[in-house]
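For reference, the chains in residue letters:
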Amino acid sequence: FRIIISVMFLVMVLGCSSQIGGVGPGMEPQEAIVKELGDLLRCGSGVPKQLADLNSFEPNFPISYRAIKTGEMVVLWGIPMLGEGNAATSEGTIVAYEKDAATAGGWVLMTNGTAKKVTAVDFATFRKATK
């Protein structure tokens with residue numbers, strides 16, 4: 001029984017590491033934040049409905065957590081994140097975006113975990129995830 005609990009704890013900790021989403025060298029800083037945000041939104045059980053639902057994951061994802069808290073990133077709450085590259089999800093469904101993306105363009109996060117840099121015109125053509 002202790003082994004099962006230990007393995008479950010290890011999976012939970014490793015499963016919510018800030019290194020999962022392929023954040024790394026060669027990425028623009030904002031792209032890295034958006035990718036990390038995708039990992040943050042996938043953590044925990046259930047679908048986050050507000051920032052408070054992610055409080056326990058702040059230590060693993062401090063940059064993206066702060067971006068949400070300060071309003072730099074806007075999250076469409078209550079939307080499930082699917083695995084990156086999941087074919088069941090449309091590439092054109094936004095779940096989070098930089099606050100100025102609608103007017104000046106910027107980085108967006110799709111429900112399949114993809115981070116994209118878009119223009120304001122592009123932003124208007126993408127669907128926004130809804131509950």
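Residues numbered from 1 in each chain as written. Predicted model: local features only at pLDDT ≥ 70, side-chain atom pairs only at ≥ 80, totals over all residues. Heavy atoms only, no water.

Trainee: Please explain the packing of aromatic side chains as it appears in this structure.
Mentor: The description of an aromatic ring pair rests on the distance of the ring centres and on the angle between the ring planes. Under the definition given, this model contains one aromatic pair. The ring of Phe 123 has Lys 128 sitting right over it, with the charged end atom 4.4 Å from the ring centre. (Phe/Tyr/Trp six-rings, centres within 6.5 Å; stacked < 30°, edge-to-face > 60°. Lys NZ or Arg CZ within 6 Å of the ring centre and 35° of its normal.)

Trainee: Looking at this model, I keep getting lost on the pattern of salt bridges. Mind explaining?
Mentor: Between side chains of opposite charge, a pair can form as their charged atoms come close. Per the counting criterion, the structure on display carries two salt bridges. Note that Lys 117 and Glu 28 form a salt bridge whose closest N and O atoms lie 3.4 Å from each other. With Lys 117 in strand S4 (residues 115-118) and Glu 28 in the loop between helix H1 (2-15) and helix H2 (29-42), the pair connects residues that are 89 residues apart, well separated along the chain. Of the charged contacts, one joins Arg 42 and Asp 39 as a salt bridge, the two residues approaching to 2.9 Å between their closest N and O atoms. Separated by three residues within a single helix, Arg 42 and Asp 39 lie in helix H2, roughly one turn from each other. Given a relative accessible area of 30%, Arg 42 falls into the partly exposed group. For Asp 39, a relative accessible area of 4% translates into the label buried. (Salt bridge = Lys/Arg side-chain N within 4 Å of Asp/Glu carboxyl O. Helix = DSSP H or I, 4+ residues; strand = E, 2+ residues; numbered from the N terminus. Buried < 20%, exposed > 50% of the residue type's maximum accessible area, 1.4 Å probe, protein only.)

Trainee: Can you walk me through the confidence of the model for the protein in this structure?
Mentor: Caution applies to low-pLDDT regions: their predicted coordinates should not be interpreted in detail. Here the protein averages 80 in pLDDT, and 71% of its residues register 70 or above. Summarising per-element confidence for the protein, the mean pLDDT is lowest in H1 (40) and highest in helix H3 (residues 62-70) (97). Per-residue pLDDT stays below 50 along residues 1-14; that stretch engages in one contact with residues further than four places along the chain or on separate chains. Every residue in residues 18-22 is under pLDDT 50, and counting partners more than four places away or in other chains gives 11 contacts. (pLDDT = per-residue confidence, 0-100. Contact = heavy atoms within 4.5 Å.)

Trainee: I tried to follow the packing of H2 against H3 on my own but got confused; where do I start?
Mentor: What describes two packed helices is the angle between their axes and the distance between those same axes. Between H2 and H3, whose axes approach to 8 Å, the crossing angle comes to 95°. As judged from the angle between their axes, H2 and H3 are roughly perpendicular. For the pair H2 and H3, the contacting residues are Ile 33, Glu 36, Leu 37 and Leu 40 in the first and Pro 62, Ile 63, Ser 64, Tyr 65, Ala 67 and Ile 68 in the second. Class assignment for the residues of the contact of H2 with H3 results in eight nonpolar, one polar and one charged. (Axes fitted to C-alpha atoms, helices over the stretch in contact; angles between N-to-C directions. Parallel < 35°, antiparallel > 145°, perpendicular 65-115°, else oblique. Nonpolar A, V, L, I, M, F, W, Y, C, P; charged D, E, K, R; others polar.)

Trainee: Hey, could you run me through the nonpolar core in this one?
Mentor: Taken as a class, soluble globular proteins show a tendency for nonpolar side chains to be buried jointly. Of all hydrophobic cores here, the largest spans 23 residues; its most connected members are Leu 37, Leu 40 and Leu 109. When contributions to this core are tallied by element, the ones reaching two or more residues are H2, H3, strand S1 (73-75), strand S2 (93-98) and strand S3 (106-110). Here this core takes five residues from H2, the largest share from any one element. Here Leu 109 is in contact with Val 34, Leu 37, Gly 38, Leu 41, Met 81, Thr 93, Ile 94, Val 95, Ala 96 and Thr 114, once residues within four sequence places are set aside. Membership of the second largest hydrophobic core comes to eight residues, among which are Ile 94, Ala 101, Met 110 and Phe 123. (Core = buried A, V, L, I, M, F, W, Y, C linked by side-chain atoms within 4.5 Å.)

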